[in-house]
Amino acid sequence: MLVTTTENIPGRKYEIIGEVFGLTTQSKNFVKNFGAGLKSVVGGEIHSYTKMLEDSRSQAAEDKGADAIVMMRFDSSSISGDMQSVVAYGTAVRFIADNE
(Lines give C-alpha, C1' and ligand atoms only; values in the text may rest on other atoms or scores of the structure.)
Protein backbone atom coordinates (compact mmCIF):
# COMPACT_ATOMS: atom_id res chain seq x y z
CA MET A 1 0.00 0.00 0.00
CA LEU A 2 1.24 3.45 -0.92
CA VAL A 3 1.46 5.72 2.11
CA THR A 4 2.45 9.34 1.72
CA THR A 5 2.59 12.38 3.95
CA THR A 6 1.83 14.64 0.98
CA GLU A 7 -1.62 15.80 -0.10
CA ASN A 8 -1.33 14.61 -3.70
CA ILE A 9 0.14 11.60 -5.49
CA PRO A 10 1.79 12.86 -8.70
CA GLY A 11 0.32 11.32 -11.84
CA ARG A 12 -2.50 9.47 -10.04
CA LYS A 13 -6.19 10.27 -9.88
CA TYR A 14 -8.12 9.02 -6.88
CA GLU A 15 -11.36 9.28 -5.01
CA ILE A 16 -11.46 9.91 -1.29
CA ILE A 17 -12.85 7.09 0.81
CA GLY A 18 -12.55 8.95 4.09
CA GLU A 19 -10.50 9.37 7.19
CA VAL A 20 -8.80 6.29 8.55
CA PHE A 21 -7.59 5.94 12.06
CA GLY A 22 -5.72 3.04 13.54
CA LEU A 23 -4.54 2.42 17.06
CA THR A 24 -2.54 -0.55 18.21
CA THR A 25 -0.69 -1.50 21.35
CA GLN A 26 1.83 -4.25 20.99
CA SER A 27 4.55 -5.99 22.89
CA LYS A 28 7.41 -8.23 21.84
CA ASN A 29 8.25 -11.54 23.48
CA PHE A 30 10.87 -11.92 26.21
CA VAL A 31 13.69 -12.90 23.84
CA LYS A 32 13.17 -9.89 21.56
CA ASN A 33 12.76 -7.55 24.54
CA PHE A 34 15.98 -8.91 26.03
CA GLY A 35 17.75 -8.40 22.70
CA ALA A 36 16.38 -4.86 22.47
CA GLY A 37 17.65 -4.16 25.98
CA LEU A 38 21.14 -5.29 24.99
CA LYS A 39 20.95 -3.21 21.83
CA SER A 40 20.09 -0.12 23.89
CA VAL A 41 23.45 -0.46 25.65
CA VAL A 42 25.48 -0.32 22.42
CA GLY A 43 23.07 1.76 20.32
CA GLY A 44 21.52 1.23 16.92
CA GLU A 45 18.16 0.39 15.40
CA ILE A 46 15.99 -2.23 17.06
CA HIS A 47 14.58 -3.97 13.98
CA SER A 48 11.81 -5.89 15.73
CA TYR A 49 10.28 -2.66 17.06
CA THR A 50 10.68 -0.91 13.72
CA LYS A 51 8.81 -3.76 12.02
CA MET A 52 6.06 -3.59 14.65
CA LEU A 53 5.55 0.13 13.98
CA GLU A 54 5.54 -0.32 10.19
CA ASP A 55 2.95 -3.10 10.37
CA SER A 56 0.55 -1.02 12.43
CA ARG A 57 0.45 2.04 10.15
CA SER A 58 -1.61 0.75 7.20
CA GLN A 59 -3.90 -1.72 8.98
CA ALA A 60 -6.99 0.57 9.13
CA ALA A 61 -6.88 1.55 5.43
CA GLU A 62 -6.52 -2.04 4.24
CA ASP A 63 -9.74 -2.87 6.09
CA LYS A 64 -11.56 -0.23 3.99
CA GLY A 65 -10.15 -1.44 0.65
CA ALA A 66 -8.00 1.63 0.07
CA ASP A 67 -5.17 1.74 -2.44
CA ALA A 68 -3.27 4.47 -0.64
CA ILE A 69 -3.24 6.84 2.30
CA VAL A 70 -2.49 10.52 1.76
CA MET A 71 -1.64 13.06 4.45
CA MET A 72 -0.60 10.22 6.76
CA ARG A 73 0.58 11.05 10.25
CA PHE A 74 1.47 8.82 13.14
CA ASP A 75 2.64 9.01 16.69
CA SER A 76 3.94 6.43 19.13
CA SER A 77 4.59 6.23 22.82
CA SER A 78 5.64 3.73 25.44
CA ILE A 79 2.98 2.40 27.77
CA SER A 80 5.44 0.46 29.87
CA GLY A 81 8.97 -0.80 29.42
CA ASP A 82 7.95 -3.45 26.91
CA MET A 83 4.81 -2.07 25.21
CA GLN A 84 4.40 0.48 22.44
CA SER A 85 1.22 2.27 21.46
CA VAL A 86 0.97 3.59 17.91
CA VAL A 87 -1.72 5.80 16.42
CA ALA A 88 -1.82 6.33 12.66
CA TYR A 89 -4.27 8.50 10.74
CA GLY A 90 -4.73 9.93 7.30
CA THR A 91 -7.08 10.02 4.32
CA ALA A 92 -7.79 6.71 2.58
CA VAL A 93 -8.10 6.90 -1.21
CA ARG A 94 -8.95 4.53 -4.07
CA PHE A 95 -7.29 4.97 -7.45
CA ILE A 96 -9.55 5.62 -10.47
CA ALA A 97 -8.83 4.98 -14.12
CA ASP A 98 -8.06 7.93 -16.41
CA ASN A 99 -11.18 7.22 -18.52
CA GLU A 100 -13.63 7.59 -15.59
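Thresholds, definitions, all that
- Residues numbered from 1 in each chain as written.
- Predicted model: local features only at pLDDT ≥ 70, side-chain atom pairs only at ≥ 80, totals over all residues.
- Heavy atoms only, no water.
- Helix = DSSP H or I, 4+ residues; strand = E, 2+ residues; numbered from the N terminus.
- Buried < 20%, exposed > 50% of the residue type's maximum accessible area, 1.4 Å probe, protein only.
- Salt bridge = Lys/Arg side-chain N within 4 Å of Asp/Glu carboxyl O.

Caption draft 1: Fine view of the environment of S85. Residue placement: S85 occurs in strand 4 (residues 83-95). Given a relative accessible area of 14%, S85 falls into the buried group. S85 sits 10 residues away from D75 along the chain, and the two C-alpha atoms are 8.4 Å apart.

Caption draft 2: Layout of the pattern of salt bridges. Enumeration according to the criterion identifies one salt bridge in this entry. A salt bridge links E15 to R94; the shortest N-O distance between them is 3.2 Å. Of the two residues, E15 sits in strand 2 (residues 14-27) while R94 sits in strand 4, which places them 79 residues apart along the sequence. Owing to a relative accessible area of 32%, R94 belongs among the partly exposed residues under this scheme.

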